Amino acid sequence: MTGLEIKNLSVNIHDKEIIKNFSLKVPKGEIHAVMGPNGTGKSTLSYSIMGHPAYHPTQGEILLNDQIINDWSPDQRSQAGLFLAMQYPVAVPGVSVANFLRTAMNIRRKAANPSDKGIPIPEFRKILKEKMAYLKMDPSFSSRYLNDGFSGGEKKRAEVLQMAMLKPEIAILDEIDSGLDIDALRIVAEGINTLAQENQMGILIITHYQRLLDYIKPDVVHIMMDGHIVLSGKSELALELEEKGYDWIRQEQPLP
Ligand SMILES: Nc1ncnc2c1ncn2[C@@H]1O[C@H](COP(=O)(O)OP(=O)(O)OP(=O)(O)O)[C@@H](O)[C@H]1O
Ligand SMILES: [Mg+2]
């Protein structure tokens, strides 16, 4: 299958099992939403998919385009087309947004074609300017240090800017809506929709709020509780959840 596949994944943190026999398929071109209570393992899942060394699987497989990637480093995963927009992006003082993006793009180009000499600077500047304008980011952001002193919403826009520049095949967006004001939510969602359509991306969108899914329509909504998916359905499932909360699922699906 072209896309991301997770088979029977378990992940421990400090000997405690957080992800429990988790399975999910996100084919390219589809948008899947994962919703679930705090502390259920959503961010842990996103870190394991991206290859965070502290979140190595104890069981199961992560596949990208039918290849098992369990032992790949995060940069190998990125070069292969995986992308993670983090719930809490880290500041990188000393590295400007522009330098970071150009370096990342060049590494990906070189991975695809070893004789690539890197993106010409005028071309890079043009694309960056375009994408920043589209996301309504002030041009001065490109010379600021990555996430250093950025407001919550600015960090989220910077994550989407990275996605727009790197054009991944599969993107995991961990609470990309948290901290965004009402206008920014729409701008960011439109940006994600455009990218998804233009590039036939597969998207795994982690969110607490149904409202984001009004803007980015998921093909499937999954509910994750206690480390695995307990229920999947169409986008209406998110509405039902908004209305009823999580207790009805706890009652219907007694946890082991
Ligand atoms: N480095 C760590 N050390 C100790 N516990 C951890 C660590 N990382 C995650 N956990 C625990 O693992 C559980 C799952 O955390 P995770 O961040 O994946 O939840 P989440 O579903 O993303 O929650 P939220 O909706 O609040 O973002 C939590 O109980 C958390 O405290
Ligand atoms: Mg989280």
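What counts, and at which threshold
Here, residues in each chain are numbered from 1, in the same order as that chain's written sequence. Whichever chain is written first becomes A and whichever ligand is written first becomes 1, with later ones labelled in order. The model is predicted, so local features are restricted to residues of pLDDT at least 70 and side-chain atom pairs to those at 80 or more, both for listing and for counting; the totals for chains, interfaces and linings are taken over all residues. Note that water and hydrogens are dropped before the side-chain values are worked out from all heavy atoms of the structure. For helices the rule is a DSSP run of H or I covering at least 4 residues; for strands it is a run of E covering at least 2, with both sets numbered from the N terminus onward. Working definition: with a 1.4 Å probe on protein chains only, accessible area under 20% of the residue-type maximum means buried, over 50% means exposed, and in between means partly exposed. When charges are counted, neither His nor the chain ends are considered; positive counts come from Lys and Arg and negative counts from Asp and Glu. The salt bridge definition used is simple: a Lys or Arg side-chain nitrogen within 4 Å of an Asp or Glu carboxyl oxygen. Here, residues are in contact when the closest pair of their heavy atoms is within 4.5 Å. UniProt positions are given in the numbering used here, feature names are shortened, and annotations may be inferred rather than shown by experiment. Here, proximity means that at least one heavy atom of the residue falls within 4 Å of the molecule or strand. Think of a polar contact as two N or O atoms within 3.5 Å of one another; within protein, one of them needs to be a possible hydrogen donor and the other a possible acceptor, and neighboring residues in sequence only count if both atoms come from side chains. Each residue is assigned to one of three groups, with Ala, Val, Leu, Ile, Met, Phe, Trp, Tyr, Cys and Pro labelled nonpolar, Asp, Glu, Lys and Arg labelled charged, and all others, Gly among them, labelled polar. At least two DSSP bridges between two strands are needed for those strands to be called paired. As a rule, the C-alpha atoms of each element are fitted with a line to give its axis, helices using only the stretch in contact, and angles between N-to-C directions run from 0 to 180 degrees. Geometry of aromatic contacts follows a simple scheme: Phe, Tyr and Trp rings, the Trp one being its six-membered ring, pair when their centres are within 6.5 Å, and the pair is stacked under 30 degrees between planes, edge-to-face over 60, tilted otherwise. Counted as over-ring charges are cases with an Arg CZ or a Lys NZ within 6 Å of the ring centre that also lie within 35 degrees of the ring normal.

- Labelled according to an unreviewed UniProt entry, the chain appears under the name FeS assembly ATPase SufC, originating from Flexilinea flocculi.

Some details on the side chain of Lys156
And step 1. Structurally, the position occupied by Lys156 is in helix H5 (residues 152-166).
And step 2. Glu175 provides the closest opposite charge to the buried, salt-bridge-free Lys156, at an N-O distance of 6.2 Å.
And step 3. Aside from chain neighbours lying at most four places away, what touches Lys156 is Met86, Gln87, Asp174, Glu175, Ile176, Ser178 and Leu180.

As for the UniProt feature "domain: ABC transporter" (unreviewed entry) in the chain
And step 1. UniProt's entry tags residues 4-251 with the feature "domain: ABC transporter" (unreviewed entry), counted in the numbering of this structure.
And step 2. End-to-end, the C-alpha atoms of residues 4-251 are 31 Å apart, and along that stretch the chain is 40% helix and 28% strand.

Description of the pattern of salt bridges
As a working rule, side chains carrying opposite charge can pair if their charged atoms are close by.
And step 1. Using the criterion set out here, one finds seven salt bridges in the structure.
And step 2. For Asp183, the salt bridge goes to Arg186, with nearest N and O atoms at 3.3 Å. One end of the pair is Asp183 and the other is Arg186, both in helix H6 (residues 182-199) and three residues apart, which spans about a single turn.
And step 3. Since its relative accessible area comes to 44%, Asp183 is described here as partly exposed.

Observations concerning the environment of Ile13
And step 1. Counting through the fold element by element, Ile13 comes out in strand S1 (residues 3-13).
And step 2. Considering only alpha carbons, one finds Ile13 and Ala54, 41 residues apart in sequence, at a separation of 7.5 Å.
And step 3. Excluding anything up to four places from it in sequence, Ile13 contacts Ile18, Thr44 and Tyr55.

Side note on the site of ligand 1
And step 1. Around ligand 1 there are 15 residues in total, and Gly39, Lys42, Ser43, Thr44 and His208 lie nearest to it.
And step 2. Here Ser43 contributes a backbone N or O atom positioned 2.9 Å from an oxygen atom of ligand 1.
And step 3. In the model, an oxygen atom of ligand 1 is placed 3.0 Å from a nitrogen or oxygen of the Gln87 side chain.
And step 4. Of the residues forming the shell around ligand 1, the biggest block, three residues, is contributed by helix H1 (residues 42-50).
And step 5. Taken together, the residues of the shell around ligand 1 break down into four nonpolar, nine polar and two charged.

Brief notes about unusual backbone geometry
Of all residues except glycine, most have a negative phi; of all peptide bonds, most are trans.
And step 1. Unlike most non-glycine residues, Asn21 shows phi in positive territory, near 50°.
And step 2. Within the secondary structure, Asn21 sits in strand S2 (residues 16-27).
And step 3. A positive phi angle, near 70°, is found at Asp66, a position not held by glycine.
And step 4. Secondary-structure assignment places Asp66 in the loop between strand S4 (57-64) and strand S5 (67-68).

With respect to the sheet that holds S5
And step 1. Sheet architecture is open: four strands sit in the order S2-S1-S4-S5, paired in antiparallel fashion. Of all the strands in the sheet, just S2 and S5 have a single pairing partner and so form its edges.
And step 2. Each of S1, S2 and S4 touches H1; the most contacted strand, S1, lies at about 115° to it.

Let's talk about the environment of Glu240
And step 1. In this fold, Glu240 is placed in helix H8 (residues 236-244).
And step 2. In this structure Glu240 comes out as partly exposed when scored by relative accessible area, which is 29%.
And step 3. Counting along the chain gives 30 residues from Glu240 to Gln210, while the straight-line C-alpha distance between them is 9.4 Å.
And step 4. Discounting chain neighbours no more than four positions away, the residues touching Glu240 are Gly245 and Trp248.

What about the packing of aromatic side chains?
Where two aromatic rings form a pair, the distance of their centres and the angle of their planes describe that pair.
And step 1. If you walk through the whole model with that rule in mind, you get two aromatic pairs.
And step 2. Measuring from ring centre to ring centre gives 5.0 Å for Phe141 and Phe150, while their planes differ by 80°; the resulting arrangement is edge-to-face. Taken as a pair, Phe141 and Phe150 share a single burial class, namely buried.
And step 3. Cation over ring: Arg144 sits above Phe141, and NZ or CZ is 4.9 Å from the ring centre.

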